[in-house]
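If you want the building blocks of each chain, they are given just below.
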Amino acid sequence: MSKIYPSENKRNELKQKGDDDYRLRPSTLTVWKRSSMSFQGTDGFTVFDQQGRLVFRVDNYSRNHPCVAASGLVLMDGAGNALLSLKPQILSMQYQWNAYREEDDCGRSSPRCKVFSMRSSSMTFFGGGKDKAEVFMGSASGRGRQQRGTTPDFRIEGSFRNRNCKISNAEGQVVAKIARKRVMNSTVMLSDDVFSLVIQPGYSSELIMAFVIVLDRISTKPYTPALCS
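Everything quoted here is computed from the prediction, not taken from an experiment.

Undergrad: Would you mind going over the overall build of the chain in detail, with residue names and values included?
TA: Secondary structure summary: the chain contains five helices and 12 strands in total. For the chain, the residues scored as buried account for 45% of the 229 residues in total. Put simply, of all contacts in the chain between residues at least 6 apart along the chain, 42% involve residues at least 24 apart. Put simply, the chain shows about 12,000 Å² of open surface, and 49% of that area lies on carbon and sulfur atoms.

Undergrad: For the pairing of strand E12 (residues 194-199), give the residues involved together with the corresponding values.
TA: In summary, the side chains of a regular strand alternate between the two faces of the sheet. Across the six residues that make up E12, a large majority, five, are buried. Here six bridges tie strand E1 (residues 27-32) to E12, and the two strands are oriented antiparallel to one another. Bridge pairing links Trp32 to Val194 in E12. Relative to E12, strand E11 (residues 174-180) runs antiparallel, the two being bridged by five bridges. Considered in E12, the bridge of Ala179 is made with Ser196.

Undergrad: Outline the environment of Gly80, supporting the account with residue identities and numerical values.
TA: Residue placement: Gly80 occurs in the loop between strand E4 (73-77) and strand E5 (82-88). Assessed through its relative accessible area of 29%, Gly80 is described here as partly exposed. Residues Gly80 and Arg57, 23 residues apart in the sequence, show an inter-C-alpha distance of 7.1 Å.

Calculation rules
- Residues numbered from 1 in each chain as written.
- Predicted model: local features only at pLDDT ≥ 70, side-chain atom pairs only at ≥ 80, totals over all residues.
- Heavy atoms only, no water.
- Helix = DSSP H or I, 4+ residues; strand = E, 2+ residues; numbered from the N terminus.
- Buried < 20%, exposed > 50% of the residue type's maximum accessible area, 1.4 Å probe, protein only.
- Contact = heavy atoms within 4.5 Å.
- Areas by Shrake-Rupley, 256 points an atom, 1.4 Å probe, with all protein chains shown as cover.
- Pairing = 2+ DSSP bridges.

Structure below.
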């Protein structure tokens, strides 16, 4: 299988670029739809930056297990430190997930620690070819704000099944894109469990990656974990 992260030469080339210039460029993450845990029956994400460094992880048991579905997921950095806790909204009329900071002083899933709520904005997730989702930021991102018809802070449109989505802000500017990953210097596509996430400058890669994880959970694409590595 082809490497899903940059070669050593590419890493050295990136290191030689000026830091200021680098920060003005879009960042490209390589997302691998596999847990970093090395045993069978796991489901998750392993995410590399342009220099091939592990920057994000999601490690959990099979998504089909009811206990996992209820408890949610944890987005971690490359070292395994918890960044965001992602939990489904129980008894919601729409398919909705909420994100919370993993901070002890806030308490478990405290509303004042809520970072965002993300929901499907139509029934396309359950049988259509085009996915749509809305993201409301902050602790006031719950049902009251959504019922008032407030413009969402972010919208997600496209086909996650085909790894072809865009994330736009409230002004309609595209801030991130999901696309199939190509083998370097080739037109050959990698399998759809490896894809690129391109994020525009000024936007948090942690936040955008959390959107992708929730999008995976509310999309229609089935996933059967294989032997992880």
